[in-house]
Number of protein chains: 2
Amino acid sequence: MDYRSAGVDIEAGDAWVQVVRRLVARRGSSLPSSGAIGGFSGLFGIGGGRSLAACCDGVGTKLALGEATGILRGLGQDLVAMNVNDLVTCGASPLFFLDYIACGRLDAGKMESVIEGILDACVESGCALLGGETAEMPGIYPVDGFDLAGFAVGLVNDAEIVSGSGINEGDEIIGLPSSGVHSNGFSLVRHALTDGGLKLPLDAKPGPLGGETLAETLMTPTRLYVRQTRAAMDSAAVKGMANITGGGLEANINRIFPDGFVSKIDYESWERPGIFKLIESAGVEEAEMRKVFNLGVGYAFIVSREETRPLLDALKSAGESPIAVGTVIRA
Amino acid sequence: MDYRSAGVDIEAGDAWVQVVRRLVARRGSSLPSSGAIGGFSGLFGIGGGRSLAACCDGVGTKLALGEATGILRGLGQDLVAMNVNDLVTCGASPLFFLDYIACGRLDAGKMESVIEGILDACVESGCALLGGETAEMPGIYPVDGFDLAGFAVGLVNDAEIVSGSGINEGDEIIGLPSSGVHSNGFSLVRHALTDGGLKLPLDAKPGPLGGETLAETLMTPTRLYVRQTRAAMDSAAVKGMANITGGGLEANINRIFPDGFVSKIDYESWERPGIFKLIESAGVEEAEMRKVFNLGVGYAFIVSREETRPLLDALKSAGESPIAVGTVIRA
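Scoring rules and cut-offs
Residues numbered from 1 in each chain as written. Chains lettered and ligands numbered in written order. Predicted model: local features only at pLDDT ≥ 70, side-chain atom pairs only at ≥ 80, totals over all residues. Heavy atoms only, no water. Salt bridge = Lys/Arg side-chain N within 4 Å of Asp/Glu carboxyl O. Helix = DSSP H or I, 4+ residues; strand = E, 2+ residues; numbered from the N terminus. Buried < 20%, exposed > 50% of the residue type's maximum accessible area, 1.4 Å probe, protein only. Domains from an automatic or database assignment. Contact = heavy atoms within 4.5 Å. Buried area = accessible area lost by both parts, 1.4 Å probe. Polar contact = N/O pair within 3.5 Å; in protein donor to acceptor, adjacent residues only side chain to side chain. Nonpolar A, V, L, I, M, F, W, Y, C, P; charged D, E, K, R; others polar. Phe/Tyr/Trp six-rings, centres within 6.5 Å; stacked < 30°, edge-to-face > 60°. Lys NZ or Arg CZ within 6 Å of the ring centre and 35° of its normal. Least-squares fit on C-alpha atoms with pLDDT ≥ 70 in both. Axes fitted to C-alpha atoms, helices over the stretch in contact; angles between N-to-C directions. Parallel < 35°, antiparallel > 145°, perpendicular 65-115°, else oblique. Left-handed = near helix turned anticlockwise from the far one by under 90°.

Side note on the pattern of salt bridges
Residues and elements named next belong to chain A.
Right, on to step 1. Applying the stated criterion across every chain, the model contains 36 salt bridges over all chains.
Right, on to step 2. Between Arg-290 and Glu-286 there is a salt bridge, and its shortest N-O distance comes to 2.6 Å. Of this pair, Arg-290 and Glu-286 both sit in helix H10 (residues 286-292), 4 residues apart, which is roughly one turn of the helix.
Right, on to step 3. Taking relative accessible area as the criterion, Glu-286 reaches 25% and is therefore assigned partly exposed.
Right, on to step 4. The shortest N-O distance in the salt bridge between Arg-309 and Asp-313 comes to 3.5 Å. Placement of the pair is Arg-309 and Asp-313 together in helix H11 (residues 308-317), with a separation of 4 residues, close to one helical turn.

Structural data, given as structure tokens:
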């Protein structure tokens, strides 16, 4: 049981990024400078020593579980989090967010929950909801079906851009706890729940979930890491940051590394949340679990060994429970 | 035969905008200033006398015809145009664009056409493709199904923001030709073609289309008005600009008017393209045609009578065929 058999082909996705890069390159200088396609966010200089950062993301097939369970409000926070958590990895402060909601037929009651979640997450992230589009698209979506996409823009002083370029052997990787599966890997979750060894109803309360239903645990909103990122940057020399989404810890952390370095994660260094044990028990191999899920660590900082203490102190003062999850090694 | 019977409820859409406004207002100052929700674009001041403008839009159910006809490349231009044409109405210059592609299964060959269209439209609009998201979402979309959303960000000097606030009785409304239906009203088009009096195959070449097939005419990409907007602003005191999308000429032009004024459009002042005559012949009333389609005018400028001549000259020098489509009157 793996992501590909659940209908999502990560390698095809990676190949697709190469196709887009080639099409961009072919246009040369006729296309204005086009940022880092494939990174967590794109950067665009606006003069005066400042750059805009922007990103775009959806919530994936967590939507289908939202529809099945009727738990929709958290999807709004998921949508903002998927975007602003990517955005802040370069050191940018979020300025504004826009949402795209497409549906078969507009159910204002249902979508109001989603917008409430978006607005509360914007408040927590310190960004405005600058606009959006809600489109009724009969025939493209089933009457009850919908999709959500989001878009976030932030501002960063060029001198404060966190790019990962200074990362070196021996640097420490400090993680922040996730709230669970967040908004990635849900095609595999659904596959495991329906076709795997784990045929559980959504209102079941299996032991590893500590009293919560499967629906509640799975629909827990993605954590926002905006405030924590700011606290970290104010107190420590942060070399790099990674938002742990599809691809898991190693792939996402390695994205920001200079050539020649990779991350060495000690997967025993934190307690894996029950939901991941449950998914694994449905027949997903450990290697696949590591490639698809955050496994309990939703965001990571890379700092030199000397900066570890000020970083940990700053994160704890911000109410966090940081975890030393690994180190940087030569590839 | 109207838009509502085709599955799109414009009034429900307007009511929805009010719901979002109320939810935003309820959060008061805890939510950073949130621009003009419901306008063509949102504005966000970044100091130094400059503001960012941003918008978000999709291509609507034109997608379904793209899938049926296999004519996909133009959808990329449609997506960029739906966004940048909204963006430039405030006087902003486009900086960058991001795309969201969601699909049941990623068909790289098909999506490459869409990206080619996006990139060429970005080149023509002078903006970068700063990033994007391509998501495989099995179960949410059919294997062959997909949706497209786009986001554009621009920059404007605060002193040059075109807001419509100075519009007054007697001002002239100057239109630019559309390339056809653009990317709005396709649910009604499809309804007319399948259930209406106009049961024509997509490869038919009905007389009013002047030799083109129905598929070719309908899939003609939305025109980009970025260059023309710049030319107009460089040569004339433009009071207001409107992108003519869903809602038609009057609703879109009136959106930027101060209270107490409306537009008086002379619908006989230009030759209506054949495709609109064809749709009307399927049983859509004239009043509904005016509320749903651009009817041949895709973008509009509002200027005082004295500025009409320099505006017309500038637009003609930019290769355009501007049309005096109406005037501003008291409501």
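So, the domain arrangement of chain A
Residue and element names in this part refer to chain A.
Right, on to step 1. Domain assignment breaks chain A into domain 1 (31-160) and domain 2 (172-330).
Right, on to step 2. Counting residues at the interface gives 32 residues for domain 1 and 29 residues for domain 2.
Right, on to step 3. Contact with domain 2 buries surface across domain 1, with Phe-40, Lys-62 and Leu-65 losing the most and accounting together for 26% of the total.
Right, on to step 4. Along the contact surface separating domain 1 from domain 2 lie 0 salt bridges.
Right, on to step 5. Across the domain 1-domain 2 interface, the total number found is 11 residue pairs in polar contact (both at pLDDT 80 or more).
Right, on to step 6. Where the side of domain 1 that touches domain 2 is concerned, the elements lending two or more residues are helix H2 (62-69), helix H3 (73-87), strand E3 (93-103) and helix H4 (108-125).
Right, on to step 7. Here the side of domain 1 that touches domain 2 takes 10 residues from H3, the largest share from any one element.
Right, on to step 8. Grouping the constituent residues of the side of domain 1 that touches domain 2 by class yields 15 nonpolar, 12 polar and 5 charged.

Looking at the packing of aromatic side chains
Right, on to step 1. One pass over the full model with this rule turns up 12 aromatic pairs over all chains.
Right, on to step 2. Pairing Phe-44 of chain A with Phe-96 of chain B gives two aromatic rings, centres 5.5 Å apart and planes at 45 degrees, and the pair type is tilted. Of this pair, Phe-44 of chain A sits in strand E1 (residues 42-45) while Phe-96 of chain B sits in strand E3 (residues 93-103), each in a different chain.
Right, on to step 3. Site record: aromatic cluster; members linked through ring pairs are Tyr-225, Tyr-299 and Phe-301 of chain A.
Right, on to step 4. If you follow Arg-290 of chain A out to its NZ or CZ, it ends over the ring of Tyr-267 of chain A, 3.8 Å from the centre.

Some details on the interface of chain B and chain A
Right, on to step 1. Contacts between chain B and chain A engage 78 residues on the former and 79 residues on the latter.
Right, on to step 2. Carbon and sulfur atoms supply 69% of the area that chain B and chain A bury against each other, a total of about 6,000 Å² over both sides.
Right, on to step 3. Summed over the shared surface of chain B and chain A, the result is 8 salt bridges.
Right, on to step 4. Across the pair Glu-116 of chain A and Arg-26 of chain B runs a salt bridge whose closest N-O atoms are separated by 3.4 Å.
Right, on to step 5. Between the two partners, chain B and chain A, sit 19 residue pairs in polar contact (both at pLDDT 80 or more).
Right, on to step 6. Here the side of chain B that touches chain A is composed, by residue class, of 46 nonpolar, 16 polar and 16 charged.

A short note on the relation of the copies chain B and chain A
Right, on to step 1. Expressed as a screw transformation, the operator carrying chain B onto chain A has a rotation angle of 180 degrees and an axial translation of 0.0 Å, and the superposed copies differ by an RMSD of 0.0 Å. Accordingly, the operation relating the two chain copies is best matched by a two-fold axis.
Right, on to step 2. Of the interface residues in chain B, 100% have counterparts in chain A that sit at the interface too, so the contact is made through matching surfaces.

A closer look at the packing of H3 of chain A against H4 of chain A
Residues and elements named next belong to chain A.
Right, on to step 1. It is at 6 Å that the axes of H3 and H4 come closest, and there the two elements cross at 40 degrees. Relative to H4, the element H3 lies oblique. Here H3 runs over H4; the crossing is right-handed. The residues of H4 that touch H3, namely those facing Arg-73, Gly-76, Gln-77, Leu-79, Val-80 and Val-84, are Ser-113, Val-114, Glu-116, Gly-117, Ile-118, Asp-120, Ala-121, Cys-122 and Ser-125.
Right, on to step 2. Taken together, the residues of the contact of H3 with H4 sort by class into 7 nonpolar, 5 polar and 3 charged.

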